[in-house]
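# Fold and contact review
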Amino acid sequence: MKLGFYDCGVSRAEPVAQEDAEIFLQTLANGGFAGMDYMAKNVDKRLDPTLLMPGAKAIISVALNYTPAQRIPQDQYQIATYAYGRDYHDVMKQRLYLLAARLELQNFRVFCDTAPILERYWAAKAGIGWIGKNHQLIVPGVGSRVFLGEIITTESLPQPLQGGEKSYQSLPLGGARRGLSQANKPREVCMNCGACLRACPLKAINETAIFDASKCLSYQTIENRGDIPSEVSAMMADCFYGCDRCIDACPYNKNATPTTIPELQPTPKLLLMTKEDWHNLTEEQYQELFKGSAVKRAKYTGLTRNINKMK
């Protein structure tokens, strides 16, 4: 089975660099995570992955391209493209366990947005990409439409990663362009074009490193359990779940190769949904349409709340 990872890299398990730790703590102090109270929990582990797994020596980071081959018609209501297919947590974890088996790891833990770990930081440290002004990891060749995952292990870096005879380039990673290495890949930087800043309707992202989730439409339509303020809903346009505007605006996403992973493809039923269908969505239809989908995080009540905000 090909695992489908576009890229992967390895970094040493150690505390997060002071500068990056300070940015996280400042965002937390400024209320930048809005109602996501879980971000204030386990801060010590978030800033030091060796506390997640005592004795950890290495963090293997992977990126899985989810660029869609088909998109919901532009004249219909939209949802964020990351939610087109099956729940990415399940898709990624299955592949992470398979990768750990291929690497013959015995003592490890796998993560995909399910633990207090700064995923983009570790992916950048492993050389997979860099963090842009939109706070997303940008991976050369596919842009920022990638799911991230990690394997933390107490085992020393496998000998092949240190230049041994056997090479992990032969692993069936699928779309991988480079295979595993030890954070020695060339670094690129954000173009500083400002396209993502201009595209963000509520200016959740700006020239500083501090993010304001309360001004992010993804937060408001997914994580926010209360009412959506009128000044926010006025900016939702045609998207009732999530927001891809900063992603769509990024030049690195313009020519990304679509994913071929079956589980990440939108279902025909999703692609055929009309505005009228959404406004008449029953809970039974919701359960059928989003079975095994990340959209369930918003629940039926949250989704219909959002749809009713559409004009």
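The structure this text deals with has already been given above.
First things first, this report covers the structure right here in the doc. (Residues numbered from 1 in each chain as written. Predicted model: local features only at pLDDT ≥ 70, side-chain atom pairs only at ≥ 80, totals over all residues. Heavy atoms only, no water.)

### Description of the packing of aromatic side chains
Within this structure, the stated rule accounts for 13 aromatic pairs. Residues Tyr66 and Phe147 carry aromatic rings whose centres are separated by 4.4 Å and whose planes lie at 20° to one another, so their mutual orientation is stacked. With Tyr66 in the loop between β2 (58-65) and β3 (78-79) and Phe147 in strand β7 (residues 146-153), this pair connects stretches of sequence that are 81 residues apart. There is no split in this pair, since Tyr66 and Phe147 are both buried. Consider the rings of Tyr77 and Phe240, whose centres lie 6.4 Å apart with planes at 80°: the pair is edge-to-face. Here Tyr77 is found in the loop between β2 and β3, whereas its partner Phe240 is found in strand β8 (residues 239-241), with 163 residues between them in sequence. Grouping residues by exposure puts Tyr77 and Phe240 together as buried. Taken together through their ring pairs, the aromatic side chains of Tyr77, Phe240, Trp278, Tyr286, Phe290 and Tyr300 make up a single cluster. (Phe/Tyr/Trp six-rings, centres within 6.5 Å; stacked < 30°, edge-to-face > 60°. Helix = DSSP H or I, 4+ residues; strand = E, 2+ residues; numbered from the N terminus. Buried < 20%, exposed > 50% of the residue type's maximum accessible area, 1.4 Å probe, protein only.)

### Remarks on unusual backbone geometry
A positive phi angle, close to 60°, is found at Glu104, a residue other than glycine. Within the secondary structure layout, Glu104 lies in the loop between α3 (88-102) and β4 (108-111). For Lys203, which is not glycine, the phi torsion reads 60° and is therefore positive. Within the secondary structure, Lys203 is located in the loop between α5 (195-199) and α6 (217-223). Judged by relative accessible area, Lys203 falls into the partly exposed class, the value being 43%.

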